[in-house]
Every structure is written in structure tokens, then in C-alpha cells.
Amino acid sequence: MLVVALRMLFGDATKCLGLVFGVALSTLLVCQQVSIFFGLLARAASVIDDVPEVDIWVMDPAVKTIEVPYPLRDTMLQRVRGVAGVTWAVPFFKATTQVRTRRGTLDNAIMVGVDDVSLVGVPDRFLLGTVDDLALPDAIAINPAGFRLLFPGEEPDVGRELALHDRRARIVAIVDSAPAFSANLSIYTRYSLATRYTNNGRNALSFVLAKADSAAAVPAVAARIAAVTGLKAIDRRTFRGETIGYILETTGIPASFGTVVILGVLIGIAIVGLTFNQFVMENIRQYAALKAIGVRNAWLLAMTLTQAAFVATIGYGIGLAAAAGFFATAGRADALRGFYLLPDVAIGVAILAGVIVLLAVTVSLRRVFFVDPATVFRG
Amino acid sequence: MDAVIDDDGEHAAPLAVRCAGVEKSFTAGETAIHVLRGTDFVARAGEMTFLVGPSGCGKTTLISIIGAILSADAGTIEVLGTDIRRLRGGRLADFRLANLGFIFQQFNLLPALSATENASLPLVAAGRSTRASERAAAVLLDRLGLGSHLHKMPAQLSGGQQQRVAIARALVHGPKLVICDEPTASLDTESGRTAMELLREVALAADRGVIIVTHDTRIFGFADVIHTMSDGVIEQVSGRSAATGGVST
């Protein structure tokens, strides 16, 4: 009987395609929007993610996100270094600055200044040059997307120079940093140079990055740093969560993406629901005939669920493939770099597709259940 | 099935259906419409029993109740020896599937299934394998003259051919009672005649009864017994079969 159910579905090719299209469209919309949403959140925490060797981030107690640091006194670095359990501590500068591109336009750039000696804080994924090249005079490293922004039409390369706040800067390395939230151009340089490139004078220290004796000691060491310095000291995971939380609380991003996701679900339910209802209504006499013959409601339920499962599976597969295709092609653009179809999203949307189809067929299922088999005797 | 002794002391054909004092009413708003008013009805195995009468007299309601797809308000309904008023839900469906065959005025074939697949549906629904079911259906369709149309879809068949598929579907699982609702209403004279001849030839058997509701006077000649209904009661019974006990008007 389940084969009969599928044959009934295939027999009406237009509605079958409509049903599959409805699920595919919902899947595509939800997969794409949710993946971009999580991609944006990951971008917000990208600077934190790029230095996984750091255990503890130390900052002003008022700081809620890495995007909005508040300068610390330089002396705080030494105080942190003096706390028991701290293996090492380095300064970390982060600011947003403006650069002029070759086209003459201004663009935002993230300026990251790392410890002059250890150079801790620079991502370790170098495409050209090495981290040691940052020790050279006026040396900066930038990301490939930033290079293409500064020098449109050129492939990323080292040796080019640019002016940052009227000071010469030379690109010595291309670093594959994680895409950032607030700018496409990320500049990495030594702490001493970063303060000059952004015209920051005293109290330019954004964060102190610390390494604990052991992973197990991180909470205790963080608590000791906070107690000794009066600053906020939290582990990497917590800081990442706070940064993402800040984005969620203070921007319209969740509402915007949430609206599109809800619309995607509603569109799916509407298309699938209306089409399936029409399909059932047009076949209602056939269902009544089956009931008259002696097919039990349990079989009719199984038949309807088989049709729903087929529509959900094929529609989801097509939608997922379309979403994957989108990220595989559009994701090559610098503006969309770092956005992926996440496996968790794919699994979640699979469940959602099932829920959409189940909700959509519930009304129709009721018609099938309660169709009076005696209607077959009414001309 | 109960066997009865006729007036001559001989065994008549067993009863396929026995209805006594059947009542059924429908409500339309606040108005109750009494469709069946203590209807008595009998049909025997081995006979073609016609149920005729004007529109609205209760024929369809009566066969719906006999077919176990509509419940009566009162009365006794024994079908093939089973008091079907005692059956509920799934057991009613199982009873229909095991014992009854239906032929509808509109055929109600599934448009997405071939002739063989349509005819095999009761067997598939009963749990037989698809292959075995379709083999049985094909044999029956061949007997009904559709051997060269086994894989055609309903839309590719004429009205008469579709009706033959419907007949095959009604008989493929060997029901003891076949209920037909206006089986020739959608057919021309020739096709209708052919359908009735096939029904007599294939459906009728010593242990199987056939009940036909019809307005079509062209086929009255195929009846063994004719029950004429009016205003919810059987007004007249006429027939030519010895098995009926010689009832005639």
C-alpha cells in the first residue's frame, strides 16, 4: 500500500513538484540564513579564535566585547605577569582604523598590535612570509581579502607599501586570518607600531593575554588576576560567549535573520499545506473507495506519511544541495568568506523540514481520516 | 450463512443478507429526515438481487448499511451470518475487506495505477504480496476480456473497460457478497449489457450473492429478485428464481 501511496503522489506530477519545491525552498532559505547568521557570530569572535594559545583575556571591567575595548594602563601588563600561576602575559592592542584604498575610498580596518618580542596574537596561518617578518621595520601583515580591497585586481603579495596615519607601513606577510565582523581588512603588526599607526598614545593597551600554568588552573588563575588587578579576567571561551552575546543583544541581526527564517518556515508550510490539501481533496473519492474496500485508517495514515516523507526527503535534499551550492560558489567572494553550510544547521533543518511537512499534512490527514466511505455511493 | 427451507420443504440458497426493522435518519439542521423506516430486506447467495426505486427512497442508504460503511439507528443487519452492528472501527474494515466487494457508479479507480494494479488493491490491502496480487488480478482481468489492457491506466480505457476493471477489483479477493451501485449508469446500452453479462458470469456463484442498486430498466432482465423500495421501505419483491422460493409479483 505504501507503493500505492507513492504512485498516487507521482501520478499528479504538478502537485508532487509543487510539494517538493515548497520544502526545497524552505530548506534553502533556512539553511542559508541560519548558516550566515552563525557565520556572522563566528566573525564577531574571530580575533579571539585566531589566538587559541591564550588561556585568559584580561580587560577593563566595563568591556563586554572584543569589538569595544577600553584602554588599560600599561602597568597592568606587569601586574598580570606577577600573578601566581601566570606562565606568560603579553600586551594586545585592537582598534578599528581607516585606510585609504588605491581607488581613493576610505575603508575600515582592524588593527591588531601584538607583543613586539613574542609576536603572540597573530594567527599562525601564513600564506606568504612568516611571523618573524613582523620584526622588520614598519612591517605589517594583512589578510588576502584586505589586500584585494587595497589593491583591486592584484593577487596578494608582499613588498607593497601603504600609509597609515601618515606613517609608512610595508606588507611583509599575508596571513589567513578568520574573517572579521566589522571590517574586511585586518592588519597585524607589532604593539609599538600599532599604537603609532592609529595615533594612540598612552594607555593604548586593549587587553592583556595570559597563559596559565595548566588548563585546569585557568579559572583559579583568572580569579587571582581579577583580584590582584581589579580587572576583568576571563577564559577564552567565556570571552567568546560574551562577545557573541553582545552582538545578539545590541544589534538587529537576530531579529532580521529570525524573521527570514520564520518566513521561510511559513512559506514552506503554506506551499506544502495548500498543495497537499488540494492533492487530498482531488483524491478524496479514491481515499473513500479505499476505505470502503476495507483499508484501515492506520494504513491510510501510513500512506499519507509515506507521501509526506518522500516530499520531505527529496525537497530537503534539493534545498540542501542548493544551499551547499550557494556557499560553494558565493562563499569564494571575500565579502562572504567564512560562511559555511554548517553540519549542525543541516541536521537542524532536516528536522525542521520534517516538522514543516508534518504540520502541513496534518489538516489533510484529518480529511483522509474522517472521509465517509459512503461518499463513494453518492454519484 | 443461514440456510432456509422454502415452502416446498426444500433447502433454499443460504441467506447472504438479512435486514429486519432497519431504521436510519439524517439530520439537516433541526430537521430529521427518516430515510429508512423499519426496512426488511433479504438477499441470498447465488442470486442477483436488484434494489430499485425512485431517487431518495433509501436504496443507497440501505446498501451502505449492508456494506458496513454506514451504521443503522435501529434494526438487525446480518451480513453473511455476522451481526455487523456489533462490529466497530478496524473490525468493520476487516470485515469489508474479507467478505465484501464493491462496484461503484463512478468506478473510483486510482488514476495513477494500471488496470492490474487497481484490480489487485484488495489483495494488496489484505497483505498479499504485490506480485501475487497482480498475478491474480491479471488472471481475472483476462477472463473479463482485458488481457491486452493489463498495463493501461484508467484514462486510457473506455468507460466499459474501466467498469470491467472495477468488477475485477470487486471480485479479486473472492468476496461472498458483491454490492454494486448503479453499475451501468455511466455506460452505453451495449457496454452496460456486456458488464451485466460479465457480472452474472463471473460474480455470481452458489456461495456468493450480488446486490445491485439501479435505476437502469435496461438491465432488469438480469435480476433473479427485484426489491422495489419506496419511502424507506421495501414495497414489493418480485423474481424469477426458484431459489427465492418462487416469489413473484
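Every chain begins its residue count from 1, and numbering advances along the sequence as written. By the order in which they are written, chains take letters starting at A while ligands take numbers starting at 1. pLDDT decides what is reported in this predicted model: residues at 70 or higher carry local features, side-chain atom pairs at 80 or more are listed and counted, and totals for whole chains, interfaces and linings draw on all residues regardless.

Observations concerning the overall build of chain A
In step 1: Broken down by element type, chain A carries twelve helices and ten strands.
In step 2: In terms of overall dimensions, chain A is more spread out than a globule: its C-alpha atoms have a radius of gyration of 29 Å, far above the 21 Å expected for 379 residues.
In step 3: With respect to the three principal axes, the spread of C-alpha positions in chain A is 95 × 50 × 30 Å.
In step 4: Taken over 379 residues, chain A has a buried fraction of 43%. Per the convention used, a helix needs a DSSP run of H or I reaching at least four residues, while a strand needs a run of E reaching at least two, with both numbered from the N terminus. The globule rule used here is 2.2 Å times the number of residues to the 0.38 power, and the radius of gyration it is set against is calculated over C-alpha atoms. With C-beta atoms placed from the backbone, a residue is buried if 20 or more other C-beta atoms are within 10 Å of its own, exposed if 12 or fewer are, and partly exposed between those counts.

Description of the overall build of chain B
In step 1: Across its full length, chain B holds seven helices and ten strands.
In step 2: Against the compact-globule benchmark of 18 Å for 249 residues, chain B has a radius of gyration of 18 Å, which places it among compact chains.
In step 3: For chain B, the spread of C-alpha atoms along the principal axes amounts to about 45 × 45 × 30 Å.
In step 4: Looking at chain B residue by residue over its 249 residues, the buried ones come to 50%.

What to know about the sheet that holds strand 4 (residues 74-79) of chain B
Residues and elements named next belong to chain B.
In step 1: Spatial strand order, 2-1-4-5: four strands in an open sheet with antiparallel pairing. Each edge of the open sheet is held by one strand with a lone partner, namely strand 2 (31-44) and strand 5 (82-83).
In step 2: For two strands to be treated as a pair, DSSP must find at least two bridges joining them. Sheet topology note: the strand 4/strand 5 ladder contains two bridges and is antiparallel. Bridge pairing links Val 79 to Thr 82 in strand 5.

Remarks on the interface of chain A and chain B
In step 1: Think of it this way: build a C-beta for each residue from its backbone, and any pair within 7 Å is a contact. Opposite the 22 residues of chain A that make contact, chain B presents 26 residues.
In step 2: Elements represented by at least two residues in the side of chain A that touches chain B include exactly helix 1 (2-11) and helix 10 (284-293) of chain A.
In step 3: Of all the elements, helix 1 of chain A adds the most residues to the side of chain A that touches chain B, at six residues.
In step 4: For the side of chain A that touches chain B, the per-class residue count stands at 14 nonpolar, four polar and four charged. Residues are grouped as follows: nonpolar covers Ala, Val, Leu, Ile, Met, Phe, Trp, Tyr, Cys and Pro; charged covers Asp, Glu, Lys and Arg; every other residue, Gly included, is treated as polar.

Topic: the pairing of strand 5 (residues 139-142) of chain A
Taken residue by residue, a regular strand's side chains alternate between the two faces of the sheet.
Residue and element names in this part refer to chain A.
In step 1: Side chains Ala 139 and Ala 141 project from strand 5 onto one buried face, and the interleaved Ile 140 and Ile 142 project onto a second face that is buried too.
In step 2: Two elements, strand 5 and strand 7 (residues 167-175), share four bridges in a ladder whose sense is parallel. Bridging from a neighbouring strand, Ala 139 pairs with Arg 170 of strand 7.
In step 3: Here three bridges tie strand 5 to strand 8 (residues 185-190), and the two strands are oriented antiparallel to one another. When the bridges of strand 8 are listed, Ala 141 appears paired with Tyr 188.

Remarks on the pairing of strand 7 (residues 177-181) of chain B
All names here are of chain B.
In step 1: In terms of burial, strand 7 is largely enclosed, as five of its five residues are buried.
In step 2: Here strand 7 shows a buried face lined by Leu 177, Ile 179 and Asp 181 and a second buried face lined by Val 178 and Cys 180.
In step 3: Sheet topology places strand 6 (residues 100-103) next to strand 7; four bridges connect them, and they run parallel. Each bridged residue has a counterpart across the sheet, and for Ile 103 the counterpart in strand 7 is Cys 180.
In step 4: With five bridges joining them, strand 7 and strand 8 (residues 209-213) adopt parallel strand pairing. Within the sheet, the bridge partner assigned to Asp 181 lies in strand 8 and is Val 213.
In step 5: A crossover counts as right-handed when, viewed with the strands pointing away from the observer, the path leading from the first strand over the helix to the second turns clockwise. Between the parallel pair strand 7 and strand 8, the chain is carried across by helix 7 (residues 189-203), and the sense of this crossover is right-handed.

Focus on the confidence of the model for chain A
In step 1: Averaged over all residues, the pLDDT of chain A equals 87, while 98% of them reach at least 70.
In step 2: What pLDDT reports is the predictor's confidence in each residue, on a scale of 0 through 100. The weakest mean pLDDT in chain A belongs to strand 6 (residues 161-164) of chain A at 83; the strongest belongs to strand 1 (residues 56-59) of chain A at 95.

Remarks on helix 9 (residues 253-282) of chain A
In step 1: Along its 30 residues, helix 9 of chain A runs 43 Å from first to last C-alpha, staying within 8% of the 44 Å computed at 1.5 Å per residue.
In step 2: Within helix 9 of chain A, burial applies to Val 261, Gly 264, Gly 268, Ile 271, Val 272, Gly 273, Thr 275, Phe 276, Phe 279 and Val 280 of chain A. Helix span, expected: 1.5 Å multiplied by one less than the number of residues in the helix.

Side note on helix 10 of chain A
In step 1: Most of helix 10 of chain A is tucked away, with eight of its ten residues classed as buried.
In step 2: Looking at the buried residues of helix 10 of chain A, the elements they touch are helix 11 (297-330) and helix 12 (343-370) of chain A together with helix 2 (89-99), strand 6 and helix 4 (121-125) of chain B.

Considering the sheet that holds strand 6 of chain B
Residues and elements named next belong to chain B.
In step 1: Read from one edge of the open sheet, six strands run 6-7-8-3-9-10, paired in mixed fashion. Strands at the two margins of the open sheet, each flanked by one partner only, are strand 6 and strand 10 (233-239). Mean inter-strand twist for the sheet, computed between neighbouring axes without regard to direction, equals 20 degrees. Axis geometry follows a simple rule: fit a line to the C-alpha atoms, using only the stretch in contact for helices, then measure angles between N-to-C directions, giving values from 0 to 180 degrees.

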